[in-house]
Amino acid sequence: MSVKIRLGIIGGGGDSLIGILHRVASSMFDTYEIVGGVFNPNWKENIGFATKLGLNENRVYKDFDTFIAEETKLPIEERIQVVSVLTPNFLHFPMAKALLENGFHVICEKPMTTTYEEAKILYATLQKAKTVFAVTYTYTGYPMVRQMREMILNGEIGKVQKIDAQYYQGWINPIIHNKEQRAATWRLNPEKSGISCCIGDIGTHSFNMLEYISGVKIESILADLNHVYNDNPMDVDGTILLRASNNVKGVICASQIATGEENSFVVKVYGDKAGLKWEQENPNYLYLMEDGKPLQVLKPGHAYNSKLSLDGTKLPPGHPEGIFDSMGNIYKGIAKAINKEPYNAGEFPTIIDGIRGMDFIEKAVASHKNGNVWVAIDEN
(Lines give C-alpha, C1' and ligand atoms only; values in the text may rest on other atoms or scores of the structure.)
Protein backbone atom coordinates (compact mmCIF):
# COMPACT_ATOMS: atom_id res chain seq x y z
CA MET A 1 0.00 0.00 0.00
CA SER A 2 1.27 3.45 -0.88
CA VAL A 3 2.52 5.59 1.98
CA LYS A 4 1.85 8.73 -0.03
CA ILE A 5 -0.91 11.12 0.98
CA ARG A 6 -4.01 10.42 -1.10
CA LEU A 7 -4.94 13.63 -2.92
CA GLY A 8 -8.20 14.54 -4.62
CA ILE A 9 -8.68 17.53 -6.91
CA ILE A 10 -11.84 19.52 -7.58
CA GLY A 11 -11.57 21.67 -10.73
CA GLY A 12 -8.35 22.48 -12.55
CA GLY A 13 -8.99 20.32 -15.61
CA GLY A 14 -8.16 20.99 -19.26
CA ASP A 15 -5.62 23.73 -19.88
CA SER A 16 -6.10 25.37 -16.47
CA LEU A 17 -2.88 27.07 -15.28
CA ILE A 18 -3.89 26.55 -11.67
CA GLY A 19 -4.58 22.88 -12.34
CA ILE A 20 -1.16 22.05 -13.74
CA LEU A 21 0.52 24.20 -11.09
CA HIS A 22 -1.07 22.18 -8.28
CA ARG A 23 -0.55 18.81 -9.96
CA VAL A 24 3.15 19.41 -10.58
CA ALA A 25 3.63 20.89 -7.11
CA SER A 26 2.03 17.89 -5.44
CA SER A 27 4.42 15.53 -7.22
CA MET A 28 7.66 17.30 -6.29
CA PHE A 29 8.62 15.65 -3.03
CA ASP A 30 7.01 12.24 -3.60
CA THR A 31 4.61 12.84 -0.73
CA TYR A 32 1.25 12.86 -2.59
CA GLU A 33 -0.57 10.61 -5.02
CA ILE A 34 -3.45 12.04 -7.06
CA VAL A 35 -6.19 9.45 -6.62
CA GLY A 36 -9.27 11.07 -8.18
CA GLY A 37 -11.69 13.96 -8.08
CA VAL A 38 -13.92 16.05 -10.32
CA PHE A 39 -11.97 17.99 -12.92
CA ASN A 40 -14.78 19.42 -15.04
CA PRO A 41 -18.60 19.67 -14.72
CA ASN A 42 -18.89 18.20 -18.22
CA TRP A 43 -18.61 14.42 -17.78
CA LYS A 44 -17.01 13.72 -21.16
CA GLU A 45 -14.30 16.29 -20.53
CA ASN A 46 -13.98 15.23 -16.90
CA ILE A 47 -13.40 11.53 -17.58
CA GLY A 48 -11.31 12.25 -20.67
CA PHE A 49 -8.95 14.45 -18.70
CA ALA A 50 -8.73 11.95 -15.84
CA THR A 51 -7.88 9.20 -18.32
CA LYS A 52 -5.00 11.29 -19.66
CA LEU A 53 -3.70 11.52 -16.09
CA GLY A 54 -3.90 7.75 -15.80
CA LEU A 55 -6.37 7.75 -12.93
CA ASN A 56 -8.69 4.93 -11.93
CA GLU A 57 -12.07 5.78 -13.48
CA ASN A 58 -13.83 4.51 -10.36
CA ARG A 59 -12.37 7.43 -8.40
CA VAL A 60 -13.47 10.08 -10.91
CA TYR A 61 -16.92 11.38 -10.06
CA LYS A 62 -19.65 13.14 -12.04
CA ASP A 63 -19.99 15.99 -9.53
CA PHE A 64 -18.86 17.21 -6.13
CA ASP A 65 -21.78 15.74 -4.17
CA THR A 66 -21.08 12.31 -5.65
CA PHE A 67 -17.40 12.71 -4.75
CA ILE A 68 -18.30 13.30 -1.09
CA ALA A 69 -20.87 10.50 -0.98
CA GLU A 70 -18.70 7.84 -2.58
CA GLU A 71 -15.38 8.71 -0.93
CA THR A 72 -16.87 8.68 2.57
CA LYS A 73 -18.17 5.14 1.97
CA LEU A 74 -14.62 3.86 1.58
CA PRO A 75 -12.49 2.50 4.44
CA ILE A 76 -10.41 5.24 6.06
CA GLU A 77 -7.18 3.69 4.77
CA GLU A 78 -8.43 3.96 1.16
CA ARG A 79 -10.36 7.21 0.99
CA ILE A 80 -8.86 10.45 -0.25
CA GLN A 81 -7.24 12.33 2.65
CA VAL A 82 -6.80 15.87 1.33
CA VAL A 83 -8.63 17.76 -1.42
CA SER A 84 -7.39 20.69 -3.48
CA VAL A 85 -10.23 23.10 -4.36
CA LEU A 86 -9.33 24.78 -7.68
CA THR A 87 -12.74 25.97 -8.81
CA PRO A 88 -13.94 29.53 -9.52
CA ASN A 89 -14.18 31.68 -6.39
CA PHE A 90 -17.90 31.30 -5.66
CA LEU A 91 -17.53 27.54 -5.18
CA HIS A 92 -14.65 27.68 -2.69
CA PHE A 93 -16.79 28.18 0.42
CA PRO A 94 -19.51 25.55 -0.06
CA MET A 95 -17.03 22.94 -1.21
CA ALA A 96 -14.44 23.61 1.48
CA LYS A 97 -17.13 23.61 4.17
CA ALA A 98 -18.56 20.28 3.00
CA LEU A 99 -15.09 18.74 2.83
CA LEU A 100 -14.28 19.84 6.38
CA GLU A 101 -17.62 18.54 7.66
CA ASN A 102 -16.75 15.15 6.17
CA GLY A 103 -13.27 14.95 7.69
CA PHE A 104 -11.06 15.89 4.74
CA HIS A 105 -7.98 18.07 4.88
CA VAL A 106 -8.34 21.02 2.49
CA ILE A 107 -5.99 22.94 0.20
CA CYS A 108 -7.93 25.95 -1.12
CA GLU A 109 -7.09 28.45 -3.82
CA LYS A 110 -7.40 32.12 -2.94
CA PRO A 111 -9.44 34.12 -2.29
CA MET A 112 -10.62 31.54 0.21
CA THR A 113 -14.29 32.55 -0.03
CA THR A 114 -16.32 35.34 -1.62
CA THR A 115 -17.23 37.06 1.67
CA TYR A 116 -15.64 37.72 5.04
CA GLU A 117 -18.66 36.18 6.78
CA GLU A 118 -18.17 32.94 4.84
CA ALA A 119 -14.51 32.92 5.89
CA LYS A 120 -15.49 33.14 9.57
CA ILE A 121 -17.99 30.30 9.16
CA LEU A 122 -15.28 28.21 7.53
CA TYR A 123 -13.00 28.87 10.49
CA ALA A 124 -15.66 27.71 12.93
CA THR A 125 -16.16 24.58 10.82
CA LEU A 126 -12.43 23.87 10.88
CA GLN A 127 -12.35 24.20 14.68
CA LYS A 128 -14.81 21.30 14.87
CA ALA A 129 -13.17 19.25 12.11
CA LYS A 130 -9.63 19.58 13.51
CA THR A 131 -8.11 18.83 10.10
CA VAL A 132 -5.46 20.76 8.16
CA PHE A 133 -6.54 23.75 6.06
CA ALA A 134 -4.17 25.63 3.75
CA VAL A 135 -4.70 28.59 1.41
CA THR A 136 -2.34 28.74 -1.55
CA TYR A 137 -0.80 32.18 -1.47
CA THR A 138 1.76 30.72 -3.83
CA TYR A 139 4.55 33.26 -3.58
CA THR A 140 5.20 32.51 0.10
CA GLY A 141 6.88 29.30 -1.07
CA TYR A 142 9.80 30.96 -2.86
CA PRO A 143 13.10 30.29 -1.05
CA MET A 144 14.19 33.94 -1.12
CA VAL A 145 10.81 35.14 0.14
CA ARG A 146 11.29 32.76 3.05
CA GLN A 147 14.82 34.06 3.50
CA MET A 148 13.43 37.61 3.56
CA ARG A 149 10.94 36.61 6.26
CA GLU A 150 13.59 34.97 8.44
CA MET A 151 16.04 37.88 8.13
CA ILE A 152 13.35 40.34 9.20
CA LEU A 153 12.13 38.17 12.08
CA ASN A 154 15.75 37.79 13.25
CA GLY A 155 16.18 41.57 13.32
CA GLU A 156 18.76 41.75 10.54
CA ILE A 157 17.26 44.93 9.05
CA GLY A 158 16.43 46.44 12.43
CA LYS A 159 13.02 47.79 13.39
CA VAL A 160 10.58 47.63 10.46
CA GLN A 161 9.40 51.12 9.54
CA LYS A 162 7.90 50.88 6.02
CA ILE A 163 6.26 48.14 3.93
CA ASP A 164 5.55 48.36 0.20
CA ALA A 165 4.02 46.02 -2.40
CA GLN A 166 3.43 46.69 -6.08
CA TYR A 167 1.62 44.06 -8.13
CA TYR A 168 1.07 45.03 -11.76
CA GLN A 169 -0.49 42.96 -14.54
CA GLY A 170 -1.94 44.00 -17.89
CA TRP A 171 -4.02 40.95 -18.82
CA ILE A 172 -7.45 42.54 -18.42
CA ASN A 173 -6.61 45.63 -20.47
CA PRO A 174 -7.82 44.16 -23.82
CA ILE A 175 -11.01 42.87 -22.14
CA ILE A 176 -12.04 45.91 -20.12
CA HIS A 177 -12.32 48.20 -23.15
CA ASN A 178 -14.73 45.86 -24.97
CA LYS A 179 -18.22 46.12 -23.47
CA GLU A 180 -19.29 42.62 -24.51
CA GLN A 181 -16.10 41.00 -23.29
CA ARG A 182 -16.08 42.73 -19.92
CA ALA A 183 -19.69 41.65 -19.40
CA ALA A 184 -18.87 38.03 -20.29
CA THR A 185 -15.75 37.25 -18.21
CA TRP A 186 -16.40 35.57 -14.85
CA ARG A 187 -13.62 37.61 -13.27
CA LEU A 188 -15.82 40.72 -13.62
CA ASN A 189 -19.00 38.98 -12.47
CA PRO A 190 -19.65 39.59 -8.73
CA GLU A 191 -21.82 36.46 -8.51
CA LYS A 192 -18.86 34.27 -9.46
CA SER A 193 -15.83 36.29 -8.38
CA GLY A 194 -16.99 38.16 -5.29
CA ILE A 195 -17.13 41.93 -4.81
CA SER A 196 -13.64 42.66 -6.14
CA CYS A 197 -11.59 41.68 -9.17
CA CYS A 198 -8.13 43.20 -8.86
CA ILE A 199 -7.96 43.56 -5.07
CA GLY A 200 -9.65 40.19 -4.59
CA ASP A 201 -7.14 38.53 -6.89
CA ILE A 202 -3.69 40.13 -6.70
CA GLY A 203 -4.32 42.75 -4.01
CA THR A 204 -4.88 40.00 -1.46
CA HIS A 205 -1.56 38.40 -2.51
CA SER A 206 0.12 41.71 -1.69
CA PHE A 207 -1.63 42.02 1.67
CA ASN A 208 -0.71 38.48 2.66
CA MET A 209 2.88 38.82 1.47
CA LEU A 210 3.54 42.01 3.44
CA GLU A 211 2.27 40.47 6.66
CA TYR A 212 4.08 37.18 5.97
CA ILE A 213 7.52 38.68 5.44
CA SER A 214 7.44 41.70 7.75
CA GLY A 215 5.99 40.23 10.95
CA VAL A 216 3.70 43.25 11.42
CA LYS A 217 -0.10 43.20 11.24
CA ILE A 218 -1.93 45.64 8.99
CA GLU A 219 -4.47 47.39 11.22
CA SER A 220 -6.28 49.86 8.94
CA ILE A 221 -6.43 50.80 5.27
CA LEU A 222 -7.54 53.61 2.95
CA ALA A 223 -8.39 52.52 -0.60
CA ASP A 224 -8.86 54.32 -3.91
CA LEU A 225 -10.06 51.86 -6.55
CA ASN A 226 -10.57 52.19 -10.31
CA HIS A 227 -13.36 50.52 -12.32
CA VAL A 228 -12.50 52.36 -15.60
CA TYR A 229 -16.12 52.14 -16.84
CA ASN A 230 -19.32 52.93 -14.94
CA ASP A 231 -21.00 49.72 -16.14
CA ASN A 232 -18.17 47.59 -14.74
CA PRO A 233 -19.13 46.61 -11.17
CA MET A 234 -15.66 45.45 -10.12
CA ASP A 235 -12.32 47.15 -9.59
CA VAL A 236 -9.42 46.45 -11.96
CA ASP A 237 -6.88 48.75 -10.32
CA GLY A 238 -6.27 50.23 -6.89
CA THR A 239 -3.97 52.06 -4.50
CA ILE A 240 -4.27 51.31 -0.78
CA LEU A 241 -2.54 53.12 2.08
CA LEU A 242 -1.67 50.98 5.09
CA ARG A 243 -1.29 51.56 8.81
CA ALA A 244 0.22 48.60 10.64
CA SER A 245 1.32 47.63 14.13
CA ASN A 246 4.36 49.28 15.72
CA ASN A 247 3.64 52.55 13.87
CA VAL A 248 4.60 51.00 10.54
CA LYS A 249 3.04 52.52 7.42
CA GLY A 250 2.99 51.38 3.83
CA VAL A 251 1.20 51.07 0.51
CA ILE A 252 -0.20 48.45 -1.84
CA CYS A 253 -0.47 49.32 -5.53
CA ALA A 254 -2.29 46.67 -7.57
CA SER A 255 -3.40 46.81 -11.18
CA GLN A 256 -4.63 44.53 -13.94
CA ILE A 257 -4.71 47.37 -16.50
CA ALA A 258 -0.96 48.10 -16.32
CA THR A 259 -0.51 47.83 -20.08
CA GLY A 260 2.36 45.57 -21.12
CA GLU A 261 3.03 44.20 -17.64
CA GLU A 262 3.04 40.43 -17.21
CA ASN A 263 3.25 39.48 -13.52
CA SER A 264 5.31 42.20 -11.91
CA PHE A 265 5.07 41.61 -8.17
CA VAL A 266 7.63 43.58 -6.15
CA VAL A 267 7.74 43.64 -2.35
CA LYS A 268 9.95 45.84 -0.18
CA VAL A 269 10.44 46.13 3.56
CA TYR A 270 12.57 48.88 5.09
CA GLY A 271 14.01 48.73 8.59
CA ASP A 272 16.05 51.33 10.48
CA LYS A 273 19.25 49.40 9.64
CA ALA A 274 18.62 48.06 6.13
CA GLY A 275 16.04 47.32 3.46
CA LEU A 276 15.10 44.18 1.51
CA LYS A 277 13.55 43.93 -1.96
CA TRP A 278 12.26 40.92 -3.91
CA GLU A 279 10.79 40.72 -7.42
CA GLN A 280 8.61 37.79 -8.52
CA GLU A 281 9.81 37.94 -12.12
CA ASN A 282 13.40 37.51 -10.85
CA PRO A 283 12.70 35.31 -7.83
CA ASN A 284 16.23 34.00 -7.24
CA TYR A 285 17.50 37.43 -6.21
CA LEU A 286 16.94 39.05 -2.81
CA TYR A 287 18.40 42.53 -2.58
CA LEU A 288 19.85 43.75 0.72
CA MET A 289 20.24 47.54 0.88
CA GLU A 290 22.23 49.29 3.60
CA ASP A 291 23.31 52.92 3.92
CA GLY A 292 26.93 53.45 2.92
CA LYS A 293 27.42 49.89 1.69
CA PRO A 294 27.30 48.29 -1.77
CA LEU A 295 24.06 46.59 -2.76
CA GLN A 296 24.15 42.91 -1.77
CA VAL A 297 22.40 40.20 -3.78
CA LEU A 298 21.47 37.02 -1.92
CA LYS A 299 20.64 33.86 -3.88
CA PRO A 300 19.08 30.48 -2.98
CA GLY A 301 20.98 27.33 -2.09
CA HIS A 302 23.90 28.94 -0.26
CA ALA A 303 24.86 28.10 3.30
CA TYR A 304 24.31 31.71 4.41
CA ASN A 305 20.55 31.28 3.96
CA SER A 306 18.13 30.30 6.72
CA LYS A 307 16.98 26.76 7.43
CA LEU A 308 13.49 27.65 6.15
CA SER A 309 14.91 28.96 2.87
CA LEU A 310 17.21 25.99 2.37
CA ASP A 311 14.41 23.53 3.13
CA GLY A 312 12.57 24.96 0.13
CA THR A 313 15.59 24.83 -2.20
CA LYS A 314 15.80 21.74 -4.39
CA LEU A 315 18.80 22.51 -6.59
CA PRO A 316 22.41 23.69 -6.15
CA PRO A 317 23.13 27.43 -6.42
CA GLY A 318 22.84 28.81 -9.94
CA HIS A 319 19.95 26.56 -10.99
CA PRO A 320 16.79 28.69 -11.32
CA GLU A 321 13.67 27.67 -9.44
CA GLY A 322 10.24 29.11 -10.16
CA ILE A 323 6.56 29.20 -9.35
CA PHE A 324 6.08 25.42 -9.59
CA ASP A 325 8.81 25.02 -6.98
CA SER A 326 7.19 27.68 -4.82
CA MET A 327 3.84 25.88 -4.82
CA GLY A 328 5.68 22.59 -4.28
CA ASN A 329 7.20 23.97 -1.09
CA ILE A 330 3.72 24.84 0.19
CA TYR A 331 2.50 21.32 -0.55
CA LYS A 332 5.56 19.99 1.25
CA GLY A 333 4.69 21.96 4.39
CA ILE A 334 1.06 20.84 4.25
CA ALA A 335 2.22 17.21 4.02
CA LYS A 336 4.23 17.67 7.21
CA ALA A 337 1.13 18.98 8.98
CA ILE A 338 -1.07 16.14 7.71
CA ASN A 339 1.55 13.60 8.79
CA LYS A 340 1.87 15.35 12.17
CA GLU A 341 5.56 16.10 11.61
CA PRO A 342 7.30 19.24 12.97
CA TYR A 343 7.16 22.22 10.63
CA ASN A 344 7.92 25.94 10.55
CA ALA A 345 4.88 28.24 10.77
CA GLY A 346 6.08 29.90 7.57
CA GLU A 347 5.80 26.74 5.46
CA PHE A 348 2.20 27.25 4.32
CA PRO A 349 -0.54 29.87 4.67
CA THR A 350 -3.38 28.85 6.98
CA ILE A 351 -7.08 29.61 7.25
CA ILE A 352 -6.18 32.70 9.32
CA ASP A 353 -4.39 34.12 6.28
CA GLY A 354 -7.51 33.38 4.24
CA ILE A 355 -9.76 35.11 6.77
CA ARG A 356 -7.56 38.20 6.93
CA GLY A 357 -7.45 38.27 3.15
CA MET A 358 -11.24 38.33 2.90
CA ASP A 359 -11.50 41.03 5.56
CA PHE A 360 -8.95 43.09 3.61
CA ILE A 361 -10.91 42.76 0.36
CA GLU A 362 -14.20 43.83 1.93
CA LYS A 363 -12.65 46.69 3.87
CA ALA A 364 -10.85 47.97 0.73
CA VAL A 365 -14.13 48.07 -1.20
CA ALA A 366 -15.90 49.72 1.76
CA SER A 367 -13.15 52.34 2.12
CA HIS A 368 -13.48 53.28 -1.53
CA LYS A 369 -17.30 53.35 -1.56
CA ASN A 370 -17.45 55.48 1.58
CA GLY A 371 -15.30 58.22 0.09
CA ASN A 372 -11.77 56.89 0.53
CA VAL A 373 -11.79 56.75 4.32
CA TRP A 374 -9.72 54.79 6.81
CA VAL A 375 -11.26 51.43 7.75
CA ALA A 376 -10.00 49.08 10.46
CA ILE A 377 -8.93 45.49 9.76
CA ASP A 378 -10.24 43.08 12.39
CA GLU A 379 -7.87 41.22 14.68
CA ASN A 380 -7.81 37.57 13.62
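Residues numbered from 1 in each chain as written. Predicted model: local features only at pLDDT ≥ 70, side-chain atom pairs only at ≥ 80, totals over all residues. Heavy atoms only, no water.

To continue, consider the overall build of the protein. Counting its regular elements, the protein contains 13 helices and 14 strands. Since a compact globule built from 380 residues should have a radius of gyration of about 21 Å, the 21 Å found for the protein is in line with a globular shape. In the protein, which comprises 380 residues, the share counted as buried stands at 56%. Taking as baseline every contact in the protein between residues at least 6 positions apart, the subset at least 24 positions apart corresponds to 69%. Counting only carbon and sulfur atoms, one obtains 51% of the accessible surface of the protein, whose full area is about 16500 Å². (Helix = DSSP H or I, 4+ residues; strand = E, 2+ residues; numbered from the N terminus. Rg over C-alpha atoms; globule rule 2.2 N^0.38 Å. Buried < 20%, exposed > 50% of the residue type's maximum accessible area, 1.4 Å probe, protein only. Contact = heavy atoms within 4.5 Å. Areas by Shrake-Rupley, 256 points an atom, 1.4 Å probe, with all protein chains shown as cover.)

As a further point, take the state of the cysteines. Counted according to the given criterion, the structure contains zero disulfides. Just so you know, C197 is unpaired, no disulfide at all, and the nearest cysteine sulfur is the one on C198, 6.7 Å from it. What makes C197 buried here is its relative accessible area of 3%. (Disulfide = S-S within 2.5 Å.)

Turning next to the sheet that holds strand 9 (residues 249-255). Pairing between the strands of a sheet is mediated by backbone hydrogen bonds and can be parallel or antiparallel. Spatially, 13-12-11-10-6-9-8-7-14 is the arrangement adopted by the nine strands of the open sheet, whose pairing is mixed. The open sheet has two free edges, formed respectively by strand 13 (296-298) and strand 14 (375-376), since each of these has just one partner strand. The sheet contact formed by strand 6 (residues 160-168) and strand 10 (residues 264-271) spans eight bridges and is antiparallel. Among the inter-strand pairings, Y167 is bridged to a residue of strand 10, identified as F265. Where helix 6 (residues 143-153) meets the sheet, its contacts fall on strand 6, strand 10, strand 11 (275-279), strand 12 (286-289) and strand 13, and the angle it forms with strand 11 comes to roughly 165°. Helix 13 (residues 351-369) contacts strand 7 (218-226), strand 8 (237-244), strand 9 and strand 14 of the sheet and is inclined by roughly 50° relative to strand 7. (Pairing = 2+ DSSP bridges. Axes fitted to C-alpha atoms, helices over the stretch in contact; angles between N-to-C directions.)

Applying the stated criterion to the full structure yields 16 salt bridges. With a shortest N-O distance of 2.9 Å, D201 and K110 are connected by a salt bridge. Of the two residues, D201 sits in helix 10 (residues 198-214) while K110 sits in the loop between strand 4 (105-108) and helix 5 (116-129), which places them 91 residues apart along the sequence. Summarising the burial analysis for this pair, D201 and K110 share the class buried. (Salt bridge = Lys/Arg side-chain N within 4 Å of Asp/Glu carboxyl O.)

In this structure, F67, F133, I163 and W278 are the most contacted members of the largest nonpolar core, which totals 76 residues. By residue number, the principal contributor to this core is helix 10, which donates eight residues. Contact partners of W278, with chain neighbours within four places excluded, come to Y139, Y142, M144, V145, M148, M209, F265, V266, V267, P283, Y285 and L286. If you look at the next biggest cluster of nonpolar residues, it comprises 25 residues, including I9, I47, V132 and M327. (Core = buried A, V, L, I, M, F, W, Y, C linked by side-chain atoms within 4.5 Å.)

Residues H105 and I107 line one face of strand 4 and the alternating positions V106 and C108 line the opposite face, and both faces are buried. As paired elements, strand 3 (residues 82-86) and strand 4 share four bridges and run parallel to each other. Residue pairing across strands places V82 opposite H105, the latter belonging to strand 4. After leaving strand 3, the chain enters helix 4 (residues 92-101) and then returns to the sheet as strand 4, a path that is right-handed. Two strands pair when backbone bridges link them, and strand 4 and strand 5 (residues 133-135) are joined in this way by three bridges, in the parallel orientation. Each bridged residue has a counterpart across the sheet, and for V106 the counterpart in strand 5 is F133. Handedness of the crossover joining strand 4 and strand 5 through helix 5: right-handed. (Right-handed = clockwise from strand over helix to strand, strands pointing away.)

Relative to the helices and strands, D325 resides in helix 12 (residues 323-338). With relative accessibility at 15%, the residue D325 sits in the buried group. Separated by 299 residues in sequence, D325 and S26 place their C-alpha atoms 10.0 Å apart. Excluding residues within four positions of it along the chain, D325 makes contact with M28 and K314.

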